[in-house]
Amino acid sequence: MGLLSKKDSKLIFDPLADNNPITIQVLGICSALAITAQLKPSIVMALSVIFVLGMGNVVISLMRNIIPSKIRIIVQLIVVATLVIIVDLVLKAFAYELSKELSVFIGLIITNCIIMGRFEAFALGNGPWRSFLDGVGNALGYGIILIIVGFFRELLGSGTLFGFKVLGDSVEKTGLYALGYENNGFMVLPPMALIVVGIIIWVQRSRNKELIEEL
Amino acid sequence: MEHLELFFKSIFVDNMVFAYFLGMCSYLAVSKKVSTAVGLGAAVIFVLTVTVPLNWLLDQYILQRGALVWLGAEYADYDLSFLSFILFIATIATMVQLVEIVVEKFSPSLYNSLGIFLPLIAVNCAILGGSLFMQSREIETLGLALNYGFSSGIGWFLAILAIAAIREKIRYSNVPAPLRGLGITFIITGLMAIGFMSFGGMLTGGDDANQEVEVVSVMPVNEMSNTEPSEEALQEIQTEVNETIE
């Protein structure tokens, strides 16, 4: 960690586990669930959020002294919306199929609570470099959960990863399917995303007792 | 009929929370007590009913390809739809601000019950999601857009009311410690979503593919007898029958 001081690396690595935006801060769940039926859209979504949050945090932090506090929400929304339009156009140009699949959920990055939350809580009070690290860190924490959920849902639901048949062919009964294994079609349906996230929270909190909520 | 179908479809089949997970952040954060949940739910219904038709007008007369034709024939080729995110969110943010000011002026009691939730709503995914779905589903008339906004709002309201009631009761149960609070809420929402999936069969003709099947089976009998199969088709059937007999 020659590049980052101890304080700075804390900004990046804290949100990955003990201060994870999804499982601990309960932010940004909307988009996290709807697009995780497969691994590929989850990764694209994670990358988009890393870009938007990293850049947005820098922009807001550069402008923090000239934004009138009364209209800051609208200013923040405009900054995010501009960045999201860039992401949307890039996806439409280079990965059209994927952008169709993600449909409105790229647009919904605008109202992803993680982004507004980090703008309010961090970028408005810190310099650009630290804001950038904080943005990337939080987006990574968000992305990790997305990728874990996407991994399990695709593996158990369709027996594939990135579309490759990891467990053998389910039609021709090769690999695991020869032993009588069946895909769990339930994992592909939307409600299972909620339950998988619930299980991740369960595992995380039983490993780290300090995170358990008081009643 | 069209209105009634859209109404029930948006509440139950395409429920904002259970089918698309929109507005989950405030759904999880504000569902600890029924009374606050009702306040937020009502505010969501209100704002969705106002912003979806407004954004429909924006979409029809400014953003869509060829929408600017009312300015003059030379604008017919303009396509501004890439601006829709920024215009929709600006409309929502200003409307929320405006509604807040108007409600505060004319009905202080309503303001006291809704007031704290209104700023929260500008960044609620359900509101922007409503407008984006309205755009991507190409809703045809202003009336249908109004209906869509209102009924999706009711769907959201139902969802948050139900989870708040469950969370109030679950306080007395013995939930495993690591699952307490957030974890169990996620799992309950998942189970509720599975329940709501059963509404999927309530309305026929949801997808295009289904609709075509419907049309064929609904055809009146006397009309069906009028449509005589062509000779080629008859021959094909005969050869098939012969083959199976052989």
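That block above? That's the structure.
Now for a quick tour of the structure. Fair warning: this is a prediction, and the values are worked out from it, not measured in the lab. (Residues numbered from 1 in each chain as written. Chains lettered and ligands numbered in written order. Predicted model: local features only at pLDDT ≥ 70, side-chain atom pairs only at ≥ 80, totals over all residues. Heavy atoms only, no water.)

Here's the deal with the overall build of chain B
Right, on to step 1. Per the secondary structure count, chain B includes 13 helices and zero strands.
Right, on to step 2. Expressed as a percentage of its 246 residues, the buried residues of chain B come to 43%.
Right, on to step 3. Residue pairs at least 24 apart in sequence account for 77% of intrachain contacts in chain B once pairs closer than 6 positions are excluded. (Helix = DSSP H or I, 4+ residues; strand = E, 2+ residues; numbered from the N terminus. Buried < 20%, exposed > 50% of the residue type's maximum accessible area, 1.4 Å probe, protein only. Contact = heavy atoms within 4.5 Å.)

Details of the pattern of salt bridges
Residues and elements named next belong to chain B.
Right, on to step 1. Going through the model one piece at a time under the given rule, you end up with four salt bridges over all chains.
Right, on to step 2. For Asp14, the salt bridge is made with Lys9, and the minimal N-O distance between the two is 4.0 Å.
Right, on to step 3. Residue class for Asp14 comes out buried when judged on its relative accessible area of 16%.
Right, on to step 4. The structure contains a network of salt bridges with shared partners spanning Lys9, Asp14 and Arg137. (Salt bridge = Lys/Arg side-chain N within 4 Å of Asp/Glu carboxyl O.)

Comments concerning the environment of Gly200 of chain B
Residues and elements named next belong to chain B.
Right, on to step 1. Here Gly200 is to be found in the loop between α10 (182–197) and α11 (208–218).
Right, on to step 2. You can call Gly200 partly exposed: its relative accessible area is 41%.
Right, on to step 3. A C-alpha to C-alpha distance of 11 Å links Gly200 and Ile11, two positions 189 residues apart in sequence.

Regarding the nonpolar core
Right, on to step 1. One finds Leu33 of chain A together with Met24, Tyr27, Trp156 and Phe186 of chain B to be the most contacted residues of the largest nonpolar core, which totals 110 residues.
Right, on to step 2. The biggest single contributor to this core is helix α5 (residues 84–106) of chain B, with 10 residues.
Right, on to step 3. Beyond its immediate sequence surroundings of up to four residues, Leu33 of chain A is in contact with Arg153, Ala193, Leu194 and Val197 of chain A together with Phe21, Met24 and Phe186 of chain B.
Right, on to step 4. Ranked by size, the runner-up nonpolar core spans five residues in total, among them Leu39, Leu161, Leu167 and Tyr177 of chain A. (Core = buried A, V, L, I, M, F, W, Y, C linked by side-chain atoms within 4.5 Å.)

Brief notes about the layout of surface pockets
Right, on to step 1. Considering only enclosed or pocket space, the second largest pocket measures out at about 670 Å³ in volume.
Right, on to step 2. Lining the second largest pocket we find 21 residues, and of these Lys92 and Lys100 of chain A together with Ser84, Gln135 and Ser136 of chain B sit closest to its centre.
Right, on to step 3. Mapped by element, the contributors of at least two residues to the lining of the second largest pocket are α4 (72–94), α5 (96–102) and α6 (104–107) of chain A together with α5 and α8 (125–136) of chain B.
Right, on to step 4. Top contributing element to the lining of the second largest pocket by residue count: α8 of chain B, with four residues.
Right, on to step 5. Here the residues of the lining of the second largest pocket sort into eight nonpolar, eight polar and five charged. (1 Å grid on protein atoms, 1.4 Å probe; cavity = no way out; pocket = protein on both sides within 12 Å on 5 of 7 lines; lining within 4 Å. Points joined across faces, edges and corners; volume = space filled by probe spheres on them. Nonpolar A, V, L, I, M, F, W, Y, C, P; charged D, E, K, R; others polar.)

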